[in-house]
Amino acid sequence: MSNNQELFARASQHIPGGVNSPVRAFGSVGGTPRFIARAQGAYVWDAEGKQYIDYVGSWGPAILGHAHPEVVKAVQDAAVNGLSFGAPTEGEIELAELISQRLPSMEKVRLVSSGTEATMSAIRLARGYTGRNKIIKFEGCYHGHADSLLVKAGSGLLTFGNPTSAGVPEDFIRHTLVLDFNNLDAVKAAFAEHGDDIACVIVEPIAGNMNLIKPVSGFLEGLREVCTAHDAVLIFDEVMTGFRAGPQGVQGLSGITPDLTTLAKVIGGGMPVGAFGGRADIMDCIAPLGNVYQAGTLSGNPVAVAAGLVTLKLLDNDAFYTQLAQQTKKLADGLQEVARHHAIPFCTDSVGGMLGLYFSASVPTTYTEVAASRIDLFKQFFHAMLDEGVYWAPSAFEASFTSGAHTDDIIQATLEAADRAFKKVKN
Ligand code: PMP
């Protein structure tokens, strides 16, 4: 059996930081990342054979639980027929049809292989469609690692205290207007000043990359109104929230219709699939119909699409989402109750299969509030829980994820572990 520490040392020889995506490195919490050997249902096992209850869920995709037998079977069956053709397939049509049916705002859909590709392509499309340069994003929202979007971003950039990436030319940054999430006045002011040159507003309609931050009442409605008034494209980045916050994502929960939507994570069922889509008149500006170029050797990959298709079919079930939201809330409420007994400043919030854990006295609604939470307490809690066999995201700025496999017993075991862990947290 391998050892996490040895594997990390070995990985660090040939992989920068020993990981292929920065937050995995435990850089902000300290300690050795767990090298995962296998996963099933609500559990992952590390290379040392230790079992953990998993609230990372591959950062969102594992909504049915890991290695769901029907998803695994679909992947195996598809693989036998060939791994990639670089030509159209019937499966792609079916996945696009399913997405359009569930999210009617997505009249036309283009499949890609990651969330980054989806948002990068949606931004290019919005610029091509409007003939404008500037984009609006919100501080603490993460939309993948395309250059224009790595400005004051959340997720790993926020975690490591360096929210704007090096290597992004000033000329790009100049076109990205970064505003405060939940501050509609700032959006109106930006449009008053630059309205003729704003191609789009891109937003995580429930932010999950600076912990979980919900939109205040009127924020999404206001974005819709301002974009319509100025002929700018409203993009909901539902890479995280799509098919997770609810059966129709945040657009279903809020009743607000974006012009374009980006998806990934759940729609690939654990395999690399992303998508962007929306109004047909905008989507038809993409090559080969239009002059906005976008392409991909592995786009619509048949094995990945098979995993996505069966996942979305299994999720076509409102009872699943009701149950998922109930379980997540049970966990959220339970954790808050346990922390109260230990007099720890801690609170929680949840939506669908997403959970926010905040080491602060009240639930934050702004980036500034979440940035002021007690990271020192989070680190202690994170390690105490890891020792107890509960695996949270190794960052105070990430949402946590539940799945259909997180049963009552598993939630109860988590709460009992949290009781012992909070006892060890020194305020
Ligand atoms: N947008 C959002 C809202 C995300 O949460 C993420 C990934 N966490 C991305 C885009 C980028 O997706 P990917 O990592 O698949 O490129």
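Since we're looking at a predicted model, the values are computed, not measured.

Conventions used here
- Residues numbered from 1 in each chain as written.
- Predicted model: local features only at pLDDT ≥ 70, side-chain atom pairs only at ≥ 80, totals over all residues.
- Pairing = 2+ DSSP bridges.
- Helix = DSSP H or I, 4+ residues; strand = E, 2+ residues; numbered from the N terminus.
- UniProt positions renumbered as here; feature names shortened; annotations may be inferred.
- Contact = placed C-beta atoms within 7 Å.
- Axes fitted to C-alpha atoms, helices over the stretch in contact; angles between N-to-C directions.
- Near = placed C-beta within 6 Å.
- Nonpolar A, V, L, I, M, F, W, Y, C, P; charged D, E, K, R; others polar.
- Expected span 1.5 Å × (residues − 1).
- Buried ≥ 20, exposed ≤ 12 C-beta atoms within 10 Å, placed from the backbone.
- Arc of directions from axis to C-beta.
- Right-handed = clockwise from strand over helix to strand, strands pointing away.
- Core = buried A, V, L, I, M, F, W, Y, C linked by C-beta atoms within 7 Å.
- pLDDT = per-residue confidence, 0-100.

*Asks:* Describe in detail the sheet that holds strand β14 (residues 400-401), supporting the description with residues and values.
*Replies:* The 3 strands are arranged β11-β12-β14 in an open sheet whose pairing can be described as antiparallel. Since the sheet does not close on itself, it has two edges, and those belong to β11 (347-351) and β14, each with one partner. Taken together, the 5 bridges between β11 and strand β12 (residues 354-358) define a ladder with antiparallel strand orientation. Bridge pairing in β12 links Thr-348 to Leu-357.

*Asks:* Tell me about the UniProt feature "modified residue: N6-(pyridoxal phosphate)lysine" (unreviewed entry) in the protein chain, residues and numbers included.
*Replies:* The feature "modified residue: N6-(pyridoxal phosphate)lysine" (unreviewed entry), as given by UniProt, occupies Lys-265 in the numbering adopted here. Structurally, Lys-265 can be placed in the loop between β9 (260-263) and β10 (274-278). In contact with Lys-265, other than residues within four places in its own chain, are Gly-60, Pro-61, Gly-115, Val-239 and Met-240.

*Asks:* Describe in detail the sheet that holds strand β5 (residues 134-138), supporting the description with residues and values.
*Replies:* Strand order in the open sheet formed by 7 strands is β4-β10-β9-β8-β7-β5-β6, with mixed pairing between adjacent strands. The outermost strands of the open sheet, each flanked by one partner alone, are β4 (108-112) and β6 (176-179). Taken over all neighbouring pairs, the strand axes of this sheet differ in orientation by 20° on average, direction set aside. The pairing of β5 with strand β7 (residues 198-203) spans 3 bridges and is parallel. Residue Ile-136 lies in a different strand from β7, and its bridge partner there is Val-201. Packing of helix α7 (residues 184-194) onto the sheet brings it into contact with β5, β6 and β7, and relative to β6 it is tilted by some 155°. On the sheet, helix α8 (residues 219-229) packs against β7 and β8 (233-237) and is oriented at approximately 145° with respect to β8.

*Asks:* Give me the site of the ligand: which residues, what numbers.
*Replies:* Of all residues adjacent to the ligand, which total 16 residues, the nearest are Ser-114, Gly-115, Thr-116, Gly-144 and Val-239. Among the elements that line the shell around the ligand, the one with the most residues is helix α4 (residues 115-130), at 3 residues. Broken down by class, the residue content of the shell around the ligand amounts to 5 nonpolar, 9 polar and 2 charged.

*Asks:* Outline helix α2 (residues 69-80), listing residues and values.
*Replies:* With 12 residues, α2 extends 17 Å between its outermost C-alpha atoms, agreeing within 8% with the 16 Å of an ideal straight helix rising 1.5 Å per residue. The set of residues buried in α2 consists of Val-71, Ala-74 and Ala-78. Burial along α2 is one-sided: seen end-on, the buried residues are contained in an arc of 60°. Across from the buried face of α2, at angles greater than 90 degrees, the exposed residues are Pro-69, Lys-73, Gln-76, Asp-77, Ala-79 and Val-80. Contacts from the buried residues of α2 go to α11 (302-314). Just past α2, the residue Gly-82 takes up positive phi, approximately 120°.

*Asks:* Describe the pairing of β8, with residues and values.
*Replies:* Judged by how many residues are buried, β8 sits mostly within the fold: 5 of 5 residues are covered. Judged by which residues are buried, β8 turns out to be covered on both faces: Val-233, Ile-235 and Asp-237 on one side and Leu-234 and Phe-236 on the other are all buried. Note that β7 and β8 share 4 bridges and pair parallel. Bridge pairing links Val-201 to Leu-234 in β8. In terms of handedness, the path from β7 via α8 over to β8 forms a crossover that is right-handed. In this structure, β8 lies alongside β9, joined through 3 bridges in parallel fashion. Bridging across to β9, Ile-235 finds its partner in Leu-260. Taking the sense of rotation as the criterion, the β-α-β connection linking β8, helix α9 (residues 249-254) and β9 turns out right-handed.

*Asks:* Could you give an account of the nonpolar core, naming the residues involved and the relevant values?
*Replies:* One finds Ala-126, Cys-200, Val-201, Val-233, Ile-235 and Ala-275 to be the most contacted residues of the largest nonpolar core, which totals 125 residues. Here this core takes 8 residues from α11, the largest share from any one element.

*Asks:* Mind laying out the confidence of the model for the protein chain, listing which residues take part and the relevant values?
*Replies:* Interpretation of the predicted coordinates at a detailed level should be avoided for regions scoring low in pLDDT. Residues of the protein chain with pLDDT of at least 70 account for 100%, and the chain-wide mean is 96. If you check the scores for this complex, the pTM reads 0.98 and the ipTM reads 0.99.

*Asks:* Quick one: what's the story with the environment of Leu-289, residue by residue and with numbers?
*Replies:* Looking at the secondary structure, you find Leu-289 in the loop between α10 (280-283) and α11. Overall, the presence of 10 C-beta atoms within 10 Å leaves Leu-289 in the exposed class. Between the C-alpha atoms of Leu-289 and Ser-400, which are 111 residues apart in sequence, the distance is 40 Å.

*Asks:* Outline α8, supporting the account with residue identities and numerical values.
*Replies:* At 3.6 residues per turn, the α-helix brings residues three or four places apart onto the same side. All of the buried residues along α8 are Phe-219, Leu-220, Leu-223, Val-226 and Cys-227. Along α8, the residues classed as buried sweep out an arc of 125° about the axis, all on the same side. For α8, the exposed residues lying more than 90 degrees away from the buried face are Thr-228 and Ala-229. On the buried face of α8, the contacting elements are α7, β7, β8 and α9. Downstream of α8 by one or two residues, Asp-231 has phi in the positive range, about 55°.

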